Every structure is written in structure tokens, then in C-alpha cells.
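Chain and residue survey
Single-letter residue listing:
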Amino acid sequence: MATFLYRLGKGAFRRRRLVALVWVALLFLAGFGAATAATPSSGSFSIPGTEAQRAFDLLEKRFPGASADGATARIVIKAPAGGTVNDPGTKTQVEKIVSGLNSGPGKDQVASVADPYQTHAISQDGSTAYATVKYKVSGMELTDEARDALKASGDEARAAGVQVEIGGDALMAAPETGSSEAIGIVIAAIVLVITFGSLVAAGLPLLTALIGVGIGVSSITALANVLDLGTTTSTLAMMIGLAVGIDYALFIVSRYRAELAEGRERDEAAGRAVGTAGSAVVFAGLTVVIALVGLAVVNIPMLTKMGVAAAGTVAIAVFVALTLVPAILGFAGRRVLPAGTKSKLFGGGRAKAAEATDRPNGGTRWARFVLRRPVVVLLAGVIGLGVVALPASKLEMGLPDDGAKAVSSSQRKAYDLISDGFGPGFNGPLMVVVDGDKALADKTFDRLTGLDGIAKGGDGKPLVMPPQLNEQGNAAIITVIPADRPSSHATEDLVHEIRANSPREVMVSGTTAINIDFSQKMNDALLPYLALVVGLAFLLLILVFRSVLVPLKAALGFLLSVVAALGAVVAVYQWGWLGSLFGVDQPGPIMSMMPIFMVGVVFGLAMDYEVFLVTRMREAYVHGERPGQAIVTGFQHSARVVTAAAVIMIAVFAGFIGMDDQMVKMIGFGLAIAVLFDAFVVRMAIVPAVLALLGHKAWWLPKWLDRLLPDVDVEGEGLRKHLESAAPQAGPDTERELVKA
């Protein structure tokens with residue numbers, strides 16, 4: 001493979017105008033498709049195989065006008081101090097809110113507005129009432145007109161001294177990521193300039209990564225409605241694509257400069273850079289793709305589509321690194337200087353002094369330190385991550401509701417007003433769907449009234465609403481108000497108790513039940529997903545390193561870093577430690593998809609550093625160096641670049657911590673801290689310590705397995721022999737073409 005990639009890189013360098021034209025054309029086509037495509041919807045959300053999903057499917061058939069999957073909003077009204085919502089002035093304001101939503105802007109998307117005076121949605125003390133607004137479409141599909149009308153519905157009442165707060169998923173909007181991306185790109189640019197000491201060399205990875213992400217995200221936008229991808233699918237693709245795109249280009253450019261420093265012509269240096277570092281890029285990209293596509297194991301269509309879309313963006317980043325990067329290096333010509341040479345901006349174009357060149361760099365010094373004390377470094381790394389991982393044993397998962405919003409937000413105020421005026425269970429009523437006639441519905445109603453965990457009304461009776469039959473009389477809805485808040489263990493126990501004592505025709509649904517089913521499905525899929533992803537990547541790494549112990553060590557190190565990252569997430573977002581520093585307004589359960597999401601994404605990214613760092617060690621070992629010296633050589637050439645790549649990826653992910661959405665904050669923090677642990681503790685400390693202790697055994701592979709595995713030549717040994725055998729027949733390179741560029 002190294003020989004093929006060598007030819008590909010050298011060909012792209014020499015035919016740079018054609019290669020650049022193809023990529024620009026692809027960017028234009030993707031951009032044109034995105035610009036002309038209809039505005040993407042939120043995408044359909046379903047959880048196949050769950051009871052809550054069966055109930056929703058039944059509702060769509062038996063209650064077609066109910067908009068079961070539509071967005072909802074709750075407008076909570078609290079009368080001025082000393083008054084009630086039945087006072088004439090307050091009642092007039094409430095009626096204006098209801099009529100305004102029914103007849104004002106955005107009314108076409110409104111399915112119903114429940115008048116609190118007709119539905120008796122008034123607290124016992126009369127101070128608080130709420131109106132439920134049901135929409136025909138999901139929160140992401142609401143027009144700006146409808147959402148603005150909802151937000152402005154209480155303005156007149158507020159001016160009259162009435163407190164009006166609004167909650168519900170109707171206020172949900174696609175997260176704005178522009179500023180987050182900008183922060184990550186700025187930090188990445190600074191790191192690249194420091195790493196390369198040249199603005200041109202630093203700009204190449206940024207330019208090519210942006211082109212790759214532009215093509216990927218634009219393609220997702222163009223196909224969003226056709227493939228039902230939704231607006232949130234591009235967020236993951238952008239986050240991952242930008243990080244790996246910069247990293248992959250960084251490794252190619254770094255190797256190119258190293259080849260120039262050895263005196264090779266520029267097209268030859270480009271070919272060798274792609275043939276060696278490009279091989280690592282291919283296999284690193286494959287591990288990321290495997291991890292993302294593997295999300296299909298969860299069997300939640302939304303996650304599958306997100307994973308496949310992000311995997312496509314990663315694949316584009318790999319092709320960009322292998323073709324567009326060497327092409328742009330050709331355009332840059334002599335402006336990209338050999339490694340060890342300072343640019344005019346940073347040092348007048350001078351090469352490093354001889355004594356500076358001979359002095360060991362930071363990577364070499366660190367590797368030698370680890371070789372002297374491998375046991376101490378290994379124990380320090382493992383124990384340190386183990387301590388950080390301890391909070392993960394107390395992990396509580398769920399899906400955040402308005403109770404997890406900032407205390408200053410209208411959603412949180414509405415949530416608290418409902419809890420204070422009616423009881424916490426009113427924030428998450430259960431919807432029991434009966435697939436049967438009135439007799440079954442009445443029997444179910446009687447059984448529900450005898451269960452514990454249900455809120456009591458002023459008369460002491462359980463708050464179980466009488467069955468609402470459809471027109472055909474073959475289905476019914478029974479609303480149950482839990483005694484505790486939606487995310488509590490007591491409410492979850494109530495859902496399980498209802499299901500355990502009900503026939504198949506009786507199903508529990510609603511937002512609370514969906515969250516419970518979603519969390520359970522994520523828990524059930526975690527181990528199969530982990531086994532699939534780690535197993536496939538383990539086989540891939542055996543092929544890359546031709547070793548059994550190195551891939552095993554890579555997998556175990558990854559598990560350690562992921563568990564430690566989960567421990568940090570629990571400490572910050574569940575327990576609230578350092579919460580103010582990371583913008584945690586309300587500690588609470590960890591998002592259900594966080595563990596499996598971190599396993600998938602972090603595993604792919606962690607293997608990047610494993611492949612890039614250990615491949616260089618393997619290359620030195622294959623070329624005759626002893627195990628210890630091979631570790632030093634690997635760090636000498638790769639530590640600086642791996643460090644820069646990790647800092648860039650951390651910066652990209654950490655930029656999302658500043659967003660308002662709590663889930664995006666959590667994802668950004670989790671990925672950033674996981675990369676920090678994996679790159680700087682596992683790969684830079686534990687890996688060399690283990691390899692030092694194993695010595696030659698690290699590269700052991702059974703002979704029978706060695707014969708079965710194809711030789712992919714990641715370390716470039718076959719390429720070196722090919723070039724040495726072809727050297728006498730090779731003609732002089734035409735450097736004149738490069739000077740013209």
C-alpha cells in the first residue's frame with residue numbers, strides 16, 4: 001500500500017492543477033446543492049422495538065389529528081402577589097394569550113391551545129395556571145414566525161404585572177455552532193504556527209480541512225431532506241471532520257518537511273510523505289469510520305444516520321490528505337521549508353545552528369526518561385487515570401428536561417412554577433395508551449388508580465384522568481400524573497410497574513417513558529457496540545502493526561482513558577464539581593447517549609495517535625533499530641506533531657463547551673477531556689512504558705498468523721526497497737517545474 005500511496009502523492013504533486021480543480025469543483029457542487037436544497041427538518045426520531053414507540057405508532061393510526069409527535073409548549077401564568085388567576089385583569093390576559101396563539105402569526109402550525117379555565121389547569125391556591133400548546137410539527141420544524149409568536153405571547157401580560165414563563169420542546173432550536181468553530185480554528189492556527197514556525201505551512205492543514213469539512217457538511221445539508229438526516233446530523237460531522245481533517249493534513253505536511261530536510265526533491269518528498277504518513281492516515285481514518293458506522297448497532301435510526309454522515313466526512317478528510325495536501329504543497333513550492341529551517345517571519349529563513357540540530361528535542365528527552373523509569377511512569381499513569389475514573393461508578397443516565405436548564409431561563413422558571421403550584425409530576429405526565437375498547441380502558445383505569453407513586457389531588461384521589469376514547473371507540477388515552485419529577489427513580493419505577501402489570505394492549509408512552517426507553521436501549525447496546533468496534537479495530541491494528549500485544553495494549557489503554565473521561569464528566573455535570581468553570585447551571589443525570597457516543601468517537605480518535613506514534617516506532621524497528629531505540633526514534637519524529645494534533649483536537653472540542661445547549665456542552669467537554677487523557681497520559685506515557693517493558697516481545701506475531709495476514713507495508717519497508725531498486729534507472733527530477741510554481 002505504501003508504494004501505491006507514494007505514486008498517488010507524487011502524482012497529485014505533479015498534476016496539482018488538475019487535482020485542485022477537481023476538489024474545487026466538488027466543493028462548488030456540494031455548496032450549490034446545499035444552497036438550493038429545501039430547509040432541512042429535524043428528521044424523524046424513533047426508537048424501534050420499544051413500548052413507547054409502539055404506543056406512538058398506534059396513536060398516529062387511531063388518533064390521526066392528535067399530532068402525537070408534534071412539539072408542545074407550556075405557558076405558565078402566575079398572578080401578581082396576593083391575587084389569583086381568576087381575578088378579572090389576570091383572566092383577561094390569559095384569554096388574550098390563548099386567542100393570540102390560535103389566531104395570530106404561526107397559527108397554521110398550531111394544532112391546539114388548551115384554555116386553562118376549561119381544562120381546570122389551575123393550582124389549588126389559584127395563583128398559577130398553565131396553557132398547553134400543541135403543534136402539528138416537531139420543535140425543529142417550527143417556523144421562526146411560530147416560535148417568535150410563542151415567545152412574545154406573554155409580553156402584554158408581563159407588562160401588566162403578570163409573570164409568564166414558557167417551557168417545552170417547542171422552544172428547541174438547532175444549536176448555533178459558528179462561534180465554537182471559530183474558537184477551535186483560531187487555537188488550531190496558533191498551534192500550527194508554533195509547530196511549523198511558518199504561516200504557509202501552518203495554513204495548509206487549515207485550508208484543506210476547511211475544504212473537506214465544507215464538502216462533507218454541504219453534502220449532508222443537500223441530502224438532509226432526501227435521506228431524512230435532520231438539522232442536528234451536521235453537528236457531529238463538523239466536529240469530527242474539522243478535528244481529523246486538520247490532524248491528517250498536519251501529519252502529511254510534517255513528514256513532507258522531514259523528507260525535505262533529508263535533501264530530497266519536492267515531488268519525491270511529497271510522494272514519500274504520502275507513502276509513509278499517508279499509510280497511517282488511511283488506517284487511522286478506517287478506525288474512526290468503523291467506530292462511527294458501528295453506531296448502527298444501537299438500532300436507533302437517528303444515531304445511525306449521524307454516524308454514517310460523520311464517517312463520510314472523515315473519509316473525505318482522508319482523501320483530501322492523500323491528494324489535495326500534496327497538490328497544495330506543489331503550489332506552495334519553496335515557501336514550505338524543510339524541517340529545522342525557520343521562515344523569514346520567524347528567523348530570516350535560516351537553518352538551525354548545528355548545536356541546536358544535534359541537541360535532543362523534547363520528544364527524545366521524554367522517551368529516554370520513560371525508558372529509564374518505565375514501571376514508575378506506567379503505575380503513575382494507570383493509578384492517576386484510575387482515580388479520575390472513580391466517579392464513573394456513580395454514573396446516572398437520563399435525558400435532560402427543562403429542570404436541567406439554567407435557573408435564569410424561562411424554561412426552568414416554568415418548570416419550577418409547575419412544580420410549586422401543581423407538583424413535580426405535572427412536568428412529566430405519563431400517557432397510557434390502550435389498544436382496545438371501552439371495557440379494557442375502564443379496567444386499566446381502575447387498576448392504575450390503585451398504584452403507588454401517583455400524585456394525589458386535593459380530594460386525596462390519585463391523579464389518573466378518565467380514558468379519552470377515539471371516534472371509533474377502539475383505542476383510548478389515560479393520563480397519569482406521577483408523584484415525583486420526570487427524571488427521578490420513583491417515576492421510572494412507576495413506569496416499570498405499570499408495564500409489568502399490564503397486558504400487551506396497554507402501553508406507556510409520553511416524553512418521560514420515551515426517555516426511560518431510550519436510556520435502556522443505550523445501556524443494552526453499549527457492550528455489543530464496544531465488542532464490535534474494539535474487535536474490528538483490534539483486527540485492523542494487528543494488520544497494521546503485525547503484532548498481538550501492541551493492539552491489545554492500544555485497546556486496554558483506550559478503555560482506561562474513556563472510563564476516566566466518564567469519571568470527569570460525572571464529577572462536573574452530575575455532581576457539579578467546578579461546574580461554574582464549565583458553565584454547568586444545574587447538575588443532573590448524564591445524557592443517556594454520552595457513554596456510547598464517547599466510546600465510538602473517542603476510540604476512533606485515540607487510535608489516530610496510536611497509529612501515528614507507534615507506526616513510526618514500528619518503522620524504526622523494522623529498519624533494524626533495537627526496541628528501546630525505536631521508541632526514542634518514534635518520539636523524536638512524532639511526539640511534537642502528535643502533541644500539536646492533540647492540542648488542536650482538544651481546542652476544537654472544547655470550543656463547544658461555551659455553547660448554551662447543555663447536551664452540546666457535555667459532549668464537547670467529554671470529548672476534549674478524553675482526548676487529553678488518551679493523548680498525553682495513555683499514548684505519550686503508558687504506551688512507551690509498556691513497550692519498554694515488553695522489548696522484542698511487543699512485536700511478536702505467531703508465524704501461522706504472519707503467513708495469513710496480507711502485507712500492507714504501513715512502515716514503508718517495501719517502498720524503500722522499491723525505491724532503492726529503481727534508483728539507478730531514475731532520471732533527474734525536473735525541479736524547474738517547481739520553481740515556476
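These numbers were taken from a predicted model, which means no experiment stands behind them.

**Examining the confidence of the model for the protein**
- Per-residue pLDDT for the protein averages 83, and the proportion of residues at 70 or more is 89%.
- Counting interchain partners and residues more than four positions distant, the pLDDT-below-50 stretch residues 729-741 has 17 contacts.

**Re the pairing of strand 6 (residues 430-434)**
- Burial runs high along strand 6: 4 of the 5 residues are buried.
- The pairing of strand 6 with strand 8 (residues 476-480) spans 5 bridges and is antiparallel. Across the sheet, the residue bridging to Met431 is Thr479, located in strand 8.
- Where strand 6 meets strand 9 (residues 506-509), 4 bridges bridge the pair, whose relative direction is antiparallel. Paired with Val433 across the two strands is Met507, which belongs to strand 9.

**Describing the sheet that holds strand 8**
- Taken in spatial order, the 4 strands line up as 7-8-6-9 in an open sheet, and their pairing is antiparallel. Taken across any chain shown, the strands that pair with only one partner, and hence form the sheet edges, are strand 7 (468-469) and strand 9.
- Relative to the sheet, helix 18 (residues 438-448) contacts strand 6, strand 7, strand 8 and strand 9, its axis offset from that of strand 8 by approximately 10°.

**Some words on the pairing of strand 8**
- Among the 5 residues that make up strand 8, 4 are buried, leaving the element largely enclosed by the rest of the structure.
- For strand 7 and strand 8, the ladder comprises 2 bridges, and the chain directions are antiparallel. For Leu469, the partnering residue across the bridge sits in strand 8 and is Ala476.
- Connecting strand 7 to the next strand, strand 8, in antiparallel fashion are 6 residues, including Gly473 with a positive phi near 75°.

**Quick notes on the sheet that holds strand 4 (residues 163-167)**
- In space, the 4 strands of this open sheet follow the order 2-3-1-4, with antiparallel pairing throughout. Strands at the two margins of the open sheet, each flanked by one partner only, are strand 2 (110-113) and strand 4. Along the sheet, successive strands turn relative to each other by an average axial angle of 20°, direction set aside.
- As paired elements, strand 1 (residues 72-78) and strand 4 share 5 bridges and run antiparallel to each other.

**Regarding the packing of helix 22 (residues 594-622) against helix 23 (residues 627-654)**
- With their axes 8 Å apart at the nearest point, helix 22 and helix 23 run at an angle of 160° to one another. In terms of orientation, helix 22 and helix 23 fall into the roughly antiparallel class. Like other packed secondary-structure pairs, helix 22 and helix 23 cross with a definite hand, here right-handed.
- The residue inventory of the contact of helix 22 with helix 23, partitioned by class, reads 16 nonpolar, 4 polar and 1 charged.

The rules behind the values
- Within every chain, residues take consecutive numbers counted from 1 along the sequence as written.
- For this predicted model, a pLDDT threshold of at least 70 governs which residues receive local features, and a threshold of 80 or more governs which side-chain atom pairs are given and counted, while totals over whole chains, interfaces and linings are taken from all residues.
- The basis for every side-chain value is the complete set of non-hydrogen atoms in the structure, without hydrogens or water.
- Confidence of the predictor at the level of single residues is captured by pLDDT, which takes values from 0 to 100.
- Throughout, a contact is declared for two residues whenever any of their heavy atoms are within 4.5 Å.
- Burial classes: relative accessible area under 20% of the type maximum marks a residue as buried, over 50% as exposed, and values in between as partly exposed (1.4 Å probe, protein chains only).
- Note on conventions: DSSP H or I runs of at least 4 residues are helices, E runs of at least 2 residues are strands, and numbering of each starts at the N terminus.
- A pair of strands is labelled paired if DSSP reports no fewer than 2 bridges between them.
- Each axis is a line fitted through C-alpha atoms, taken for helices only over the stretch in contact, and angles between the N-to-C directions span 0 to 180 degrees.
- We call two directions roughly parallel when the angle between them is under 35 degrees, roughly antiparallel when it is over 145, roughly perpendicular when it lies between 65 and 115, and oblique otherwise.
- Here a crossing is called left-handed whenever its near helix is offset anticlockwise from the far helix by less than a right angle, and right-handed whenever the offset is clockwise.
- Gly is put with the polar residues, along with every residue not named as nonpolar or charged; the nonpolar set is Ala, Val, Leu, Ile, Met, Phe, Trp, Tyr, Cys and Pro, and the charged set is Asp, Glu, Lys and Arg.

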